[in-house]
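Residue-level structure breakdown
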Amino acid sequence: GGVDAVLTEVPAPSWYGPRFTMGVKTIDTDEDFEFAEISIGRRLRWPDALSFLEFAEPEFVIGVGRMEGSRNKDAYLLTFGPAVVMHPLGDWLSLDMGSRPTLISEDDLGAHPVGGPIQFISHIAAHLHLNSHIEVGAKLQHMSSAGFSKPNPGVDTIAIEVIFRH
């Protein structure tokens, strides 16, 4: 039952990483943000009943990160959650999207409070596969409390990523 009934592990090697993400905020606020994260992921596969979804590969990602506000206030992040990876033009390009619950150590980074210790980071990304072991890409992501905390201004970032697969 539970998650095991929906997704099963892909035969080894299914863990990949590290994935390095570095970005800056894209919205106009009173404060600048920098964002950095290192994460690992685990590729999964759909069970036979959901094999019609084979165009999209599910994965689970765990990461730790750091946000820095312009007033030298830092926040540390723990992120974990699902993503889906698609290969619309073959193995040289992938698109992925996902949403990860995020725990943040500091919700007030200066002039722009982010709205509570529990956040959600949603993203969409495109990656160019340089070879079977290295990918580079761009990512757009939005972090907010999804309305669970007030204020809930959210932070949008644009980032570059480098992913190493073994």
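The structure contained in this document is the topic of the report that follows. Counting of residues starts from 1 at the beginning of each chain's written sequence and follows it residue by residue. Per-residue local features of the predicted model are confined to residues with pLDDT of at least 70, and side-chain atom pairs are confined, for both listing and counting, to 80 or more; whole-chain, interface and lining totals are unaffected and use all residues. The basis for every side-chain value is the complete set of heavy atoms in the structure, and neither hydrogens nor water enter the calculation.

1. A short note on the overall build of the protein
What counts is decided by this rule: A run of H or I in DSSP counts as a helix once it spans at least four residues, and a run of E counts as a strand once it spans at least two, with each numbered from the N terminus. The buried label applies to any residue whose accessible area, calculated with a 1.4 Å probe on protein chains only, is under 20% of its type's maximum; exposed applies above 50%, and partly exposed to all values in between. Pairs of residues are marked as contacts when any of their non-hydrogen atoms sit within 4.5 Å. Here, Shrake-Rupley sampling with a 1.4 Å probe gives the accessible areas, and only protein chains in the shown set may cover a residue.
When helices and strands are counted, the protein shows one helix and nine strands. N-terminal to C-terminal, the α/β element order of the protein is α-β-β-β-β-β-β-β-β-β. For the protein, with 166 residues in total, the buried portion stands at 41%. A fraction of 56% describes how many contacts in the protein between residues 6 or more apart in sequence connect residues 24 or more apart. Here the protein has roughly 8,800 Å² of accessible surface; of this, 65% comes from carbon and sulfur atoms.

2. So, the packing of aromatic side chains
Short version of the rule: Two rings from Phe, Tyr or Trp (for Trp, the six-membered ring) form a pair when their centres sit within 6.5 Å of each other. Planes less than 30 degrees apart are called stacked, planes more than 60 degrees apart edge-to-face, and all others tilted.
Counting across every chain of the model gives two aromatic pairs. Relative to Phe148, the ring of Phe120 has its centre 6.0 Å away and its plane inclined at 40 degrees; by these criteria the two rings are tilted. Of this pair, Phe120 sits in strand S7 (residues 118-129) while Phe148 is found in the loop between strand S8 (134-144) and strand S9 (155-164), placing the two residues 28 residues apart along the sequence. Overall, the relative accessible area of 24% leaves Phe120 in the partly exposed class.

3. Considerations on a nonpolar patch on the surface
Threshold: The patch calculation keeps residues exceeding 30% relative accessible area without a salt bridge and links them within 9 Å when they carry like charges or within 5 Å when they are nonpolar (Val, Leu, Ile, Met, Phe, Trp, Tyr). Any Lys or Arg side-chain nitrogen found within 4 Å of a carboxyl oxygen on Asp or Glu counts as a salt bridge.
Where nonpolar side chains cluster on the molecular surface, the patch consists of Trp15, Phe20, Ile38, Ile40, Phe60, Ile62, Val64, Leu78, Phe80, Leu103, Ile118 and Phe164 and spans about 950 Å² of accessible area. Those elements giving two or more residues to the nonpolar patch turn out to be strand S2 (15-25), strand S3 (33-45), strand S4 (56-69) and strand S5 (74-86). It is S4 that provides the largest number of residues to the nonpolar patch, a total of three residues. Mapped onto the fold, Trp15 is located in strand S2.

4. Concerning unusual backbone geometry
Looking along the chain, the bond that leaves Gly17 and enters Pro18 is cis, with omega of 10 degrees. Along the chain, the position of Pro18 falls in strand S2. Backbone geometry places Ala146, a non-glycine residue, at a positive phi of 55 degrees. By secondary structure assignment, the location of Ala146 is in the loop between S8 and S9.

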